[in-house]
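The primary structure of each chain is shown beneath.
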Amino acid sequence: MGPPTIKKLAMIGCGSMGGGMALLFAENGLEVSLQDPSKEAMDALKKSAEKQGLGEKTEEYTDYQSLCASLDSPKLIVFSLPHGDVGDTVLGGLLPYLEKDDIILDCGNERWTNTERRQSKCVTRGIEYIGCGVSGGYQAARAGPSMCPGGSDEGLDTVLPLLKKVAAKDKEGKSCVGKVGTGGCGHYVKMVHNGIEHGMMSAISEAWKILVTGAGLPLEEVGDIFENWDQSGHLSGTFLVSIGASISRTIDPSTGERVVLTVEDKVVQDITGEEGTGIWSNVEAIEHHIPAPTMATAHFLRLASADRQQRVDAQKAFGGEISQQKIDFKSSEDKSEFVESLRVAVFAACLASYIQGINVIERADKENGWNVDFAAVHQIWKAGCIIQSDYISELLSPIFTLSLEEVSSTSTSKAHTRNLLLQPHIMSLLREAYPHLRRIVAKATEKDWCVPALSATLEYIKYQTGTDLPTGFYEAELDFFGKHMFDRKGAEGSNELRTGAEHFEWKPAMGS
Ligand SMILES: NC(=O)C1=CN([C@@H]2O[C@H](COP(=O)(O)OP(=O)(O)OC[C@H]3O[C@@H](n4cnc5c(N)ncnc54)[C@H](OP(=O)(O)O)[C@@H]3O)[C@@H](O)[C@H]2O)C=CC1
Ligand SMILES: O=C(CO)[C@H](O)[C@H](O)COP(=O)(O)O
């Protein structure tokens, strides 16, 4: 007997994402029971459902007992809730009405450790708890998002036919969903997706600012540049670039203003706690000893940006603003070459964000034993999600879809790894991009433009491929004051990740 067919489900949390997904499920023939304490969210959803002819397929329930009673067995209950305690409270309220084989599909950006804690709680009752990261924003929630589920095989087998039906489709019509692996890895991979997203978004925003304010190009022209970047070459099919073109061009019909020029320069959601994925993905990178400077620097820019008043006060204390100077072009060729370098530099930062994020997933997978299916992740990131990039997806294809044995036969190190830093076809692109990135960072530095993700990527490439780093002197200082040991240059085993074999008595310890 195959997995049961799901004909009804409940959506708990009917805001931007949950509301859109509720309508998507209803449109796909399901009866959807709704619950959300926000009258505003519920009224808006009911109105949209009526307008779209889905009123009959959706019904609001205000208590868990009647909500659960409205479903068939096994019950499928979808969460689209803020992360943290809310999910625990809702799960606690539902548990008395849940039975063996019922499924919770948590589609929020939940922290993977919370997911695994809830999985342990549910498993004792035979209830499946699937952590399913969802990407693409509220438009995709309604039209078909990219979906990243992780959990037990039984639970995944039951929900997958439904998810395949509603998820985003790639150019070949294949659904952007798959069984990612066990435990909390669905939420983990989605969390890292957001870390990558932050690195990419920072680099793209830095480039946008240079074009608009630095070079003083009209927004219409910047929209055209972004559209060109999205159409072919290294940034082709990059969602964040394509929306950058629309954002540059959009005019508010009621005021005639370019909307983007009215937007204050602060990103607050890490600090207000609305979202946690940026914080967690960087913490994970550090805890797993993965250098992820493009992701991390993007995060620090967001953190610094959030408290605008502090920046205003710091500027006063600093003695005034650092005056960013105009970038002038000597000729139209000079301008075209600069814009081309900027395009390649942004690509390098996007690719570096992917490298860093994938390295975090690979390391965490090994440590947690989730058995992440990288081919599924590749498919999930193909369309519908925010980090979607056709060009990068092609580059990842052999690394994600081959077995580790096959990957090792193509990588320089012959190691069984998906570490993109060891893949010649990836690294040769970073090598080609390097002079462009250096040109942009040098120009931005000379003119005082703010390029944290781009410059962090430049340094990343330097230190990840360097074999004569300043850390020789660093290591000497450590040994001088702390007797932390070092390896002698060229000594046997000195390339190994191990505590150094030698100490030099730089200054003997003596009483005063
Ligand atoms: N927005 C986006 O682009 C994306 C968001 N996500 C994730 O999806 C989840 C939902 O996000 P989003 O839709 O944007 O957020 P919203 O705030 O729009 O929706 C969340 C809804 O959950 C409701 N809620 C709070 N507590 C409960 C409860 N106990 N029972 C039922 N409903 C409750 C909220 O009501 P109230 O307002 O009254 O608290 C709100 O209406 C989050 O985890 C988010 O990180 C994932 C991908 C994209
Ligand atoms: O998950 C998402 C996209 O993938 C959501 O849009 C999320 O709200 C983005 O927030 P943050 O930038 O803080 O991760």
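Criteria and thresholds
- Residues numbered from 1 in each chain as written.
- Chains lettered and ligands numbered in written order.
- Predicted model: local features only at pLDDT ≥ 70, side-chain atom pairs only at ≥ 80, totals over all residues.
- UniProt positions renumbered as here; feature names shortened; annotations may be inferred.
- Helix = DSSP H or I, 4+ residues; strand = E, 2+ residues; numbered from the N terminus.
- Buried ≥ 20, exposed ≤ 12 C-beta atoms within 10 Å, placed from the backbone.
- Contact = placed C-beta atoms within 7 Å.
- Axes fitted to C-alpha atoms, helices over the stretch in contact; angles between N-to-C directions.
- Parallel < 35°, antiparallel > 145°, perpendicular 65-115°, else oblique.
- Left-handed = near helix turned anticlockwise from the far one by under 90°.

Turning next to the UniProt feature "active site" (unreviewed entry) in the protein chain. When the UniProt feature table is mapped onto this chain numbering, "active site" (unreviewed entry) sits at K190 and E197. Position of K190 relative to the elements: it lies in helix α8 (residues 185–214). With 29 C-beta atoms counted inside 10 Å, the residue K190 sits in the buried group. Apart from residues no more than four positions distant in its own chain, K190 is found in contact with N109, G133, S135 and C148. Along the chain, the position of E197 falls in helix α8. Overall, the presence of 23 C-beta atoms within 10 Å leaves E197 in the buried class.

Two elements in contact, helix α1 (residues 16–27) and helix α2 (residues 39–51), have axes separated by 10 Å at closest approach and are oriented at 30°. The orientation of α1 with respect to α2, classified from their angle, is roughly parallel. Of the two possible hands of crossing, α1 and α2 adopt the one that is right-handed. Seen from α1, the contacting residues are G19, A22, L23 and A26; seen from α2, they are A41, A44, L45, S48 and A49.

This part takes up unusual backbone geometry. Cis geometry is found at the peptide bond from S73 to P74, where omega equals -5°. Within the fold, P74 resides in the loop between α3 (64–69) and β4 (76–79). Unlike most non-glycine residues, M485 shows phi in positive territory, near 75°. On the secondary structure map, M485 appears in the segment after α21 (471–482).

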